[in-house]
Amino acid sequence: MNIALFGTSADPPTAGHHMIVGWLSQNFDHVAIWAANNPFKVHLTPLEHRVAMLGLLIGDINTSKQNIALEQKLSSFRTIATLEKAKKYWRDNTEFTLVIGSDLLTQLPQWYRIEDLLRQAKLLVVPRPGHIINDSKVDNIKKLGGKTRIADLTGMDVSSTEYREYGDHKALTPRVVEYIHQEKLYQCHKPTQSKLSTS
């Protein structure tokens, strides 16, 4: 069985995450997704809210395979610990693929025990607008022992950061927006008309 492992800060999860998980569902036997605390980021929203929003997002993905699951038990501060949990949970003959956005390629070599991680899991990179995947970045991963594949889709030009800064609800799915209003999240970030209006 080929399992995609997709952890995300989900602060908040976006329509881009929605599209990526739908694509993963069509290309893997199982998609395990979870909300995580990223040691390279400062999170504005408690993890339990991010988990709830992620659950709403994946619940809206229309797929006949029924192979997407919110596997919050895999969440860990270190990705290598997540992989170790996954290997204990699924059978030995399972193949794992770690899914990351192209914006993380530069950061990836700094991850804790990165060589151990890349020896035990393949790497799938999802292109993101504004984050070019060049040969030098891929070569750096190969030097660490990584087996890298580039997904044949490009993520949407939306991000959690831009939502928090500009309040553009078009970046999110309707049920996530509803949850944010219900729980009064991100209130310190007043929506602006657009990114361009602030420049």
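Residues numbered from 1 in each chain as written. Predicted model: local features only at pLDDT ≥ 70, side-chain atom pairs only at ≥ 80, totals over all residues. Heavy atoms only, no water.

1. Quick notes on the overall build of the chain
Step number 1: A tally of regular secondary structure across the chain gives seven helices and six strands.
Step number 2: Mapped from its N terminus to its C terminus, the chain presents α and β elements in the order β-α-β-α-β-α-β-α-β-α-β-α-α.
Step number 3: For 199 residues, the compact-globule estimate of 2.2 N^0.38 gives 16 Å, and the C-alpha radius of gyration of the chain, at 17 Å, lies within 12% of that figure.
Step number 4: In terms of overall dimensions, the chain has C-alpha extents of about 45 × 35 × 30 Å along its principal axes.
Step number 5: A total of 199 residues make up the chain; the buried ones form 48% of that total.
Step number 6: When contacts within the chain are restricted to residue pairs at least 6 apart in sequence, those whose partners lie at least 24 apart make up 77%.
Step number 7: Roughly 10,500 Å² of accessible area belongs to the chain as shown, and the carbon and sulfur atoms make up 49% of that amount.
Step number 8: Averaging the locations of the 24 positively and 20 negatively charged side chains of the chain gives two centres separated by 3 Å. (Helix = DSSP H or I, 4+ residues; strand = E, 2+ residues; numbered from the N terminus. Rg over C-alpha atoms; globule rule 2.2 N^0.38 Å. Buried < 20%, exposed > 50% of the residue type's maximum accessible area, 1.4 Å probe, protein only. Contact = heavy atoms within 4.5 Å. Areas by Shrake-Rupley, 256 points an atom, 1.4 Å probe, with all protein chains shown as cover. Lys, Arg positive; Asp, Glu negative; His and termini not counted. Charge placed at Lys NZ, Arg CZ, Asp CG, Glu CD.)

2. Digging into the environment of leucine 5
Step number 1: Position of leucine 5 relative to the elements: it lies in strand β1 (residues 2-8).
Step number 2: Judged by its relative accessible area of 2%, leucine 5 is buried.
Step number 3: Spatially, the C-alpha atoms of leucine 5 and lysine 73 are 12 Å apart, while their sequence positions differ by 68 residues.
Step number 4: If we skip the residues at most four places from it in the chain, leucine 5 touches Ala32, Trp34, Leu74, Leu83, Ala86, Phe96, Thr97, Leu98 and Val99.

3. Overview of the confidence of the model for the chain
Step number 1: On average, residues of the chain score 89 in pLDDT, and 93% of them reach the 70 mark or higher.
Step number 2: This stretch, residues 191-199, has a pLDDT under 50; its non-local contacts, to residues over four places away or in other chains, come to nine contacts. (pLDDT = per-residue confidence, 0-100.)

4. Let's talk about the side chain of serine 160
Step number 1: One can find serine 160 in helix α6 (residues 160-166).
Step number 2: Of note is the side chain of serine 160, whose polar atom sits 2.5 Å from the backbone oxygen of proline 12.
Step number 3: Setting aside residues no more than four positions away along its own chain, serine 160 makes contact with Asp11, Pro12, Thr14 and His17. (Polar contact = N/O pair within 3.5 Å; in protein donor to acceptor, adjacent residues only side chain to side chain.)

5. Comments concerning unusual backbone geometry
Glycine aside, residues mostly have negative phi, and peptide bonds are mostly found in the trans state.
Step number 1: A cis geometry characterises the amide bond from aspartate 11 onward to proline 12, with omega recorded as -5 degrees.
Step number 2: Within the fold, proline 12 resides in the loop between β1 and α1 (15-27).
Step number 3: If you check the backbone angles, alanine 10 has positive phi at about 55 degrees while not being a glycine.
Step number 4: On the secondary structure map, alanine 10 appears in the loop between β1 and α1.
Step number 5: Its relative accessible area of 1% is what places alanine 10 among the buried residues.
Step number 6: Located in the positive-phi region is lysine 184, a residue other than glycine, with phi close to 55 degrees.
Step number 7: Residue position: lysine 184 is located in the segment after α7 (174-183).
Step number 8: According to the relative accessible area criterion, lysine 184 is exposed, its value standing at 61%.

6. Brief notes about the pattern of salt bridges
Step number 1: All chains considered together, the criterion is met by seven salt bridges.
Step number 2: Salt bridges here are not isolated pairs; linked through shared partners, they connect Glu84, Arg113, Asp116 and Arg119. (Salt bridge = Lys/Arg side-chain N within 4 Å of Asp/Glu carboxyl O.)

7. Observations regarding the packing of aromatic side chains
Step number 1: In the structure shown here, the tally under the stated rule is three aromatic pairs.
Step number 2: On the numbers, 4.8 Å between centres and 90 degrees between planes, the contact of tyrosine 89 with tryptophan 90 is edge-to-face.
Step number 3: Overall, the relative accessible area of 48% leaves tyrosine 89 in the partly exposed class.
Step number 4: Residue classification places tryptophan 90 among the buried residues on the basis of a relative accessible area of 11%.
Step number 5: Chaining the aromatic ring pairs together yields one cluster made of Tyr89, Trp90 and Phe96.
Step number 6: The residue whose ring lies beneath lysine 73 is tyrosine 89, and the NZ or CZ to ring-centre distance is 4.2 Å. (Phe/Tyr/Trp six-rings, centres within 6.5 Å; stacked < 30°, edge-to-face > 60°. Lys NZ or Arg CZ within 6 Å of the ring centre and 35° of its normal.)

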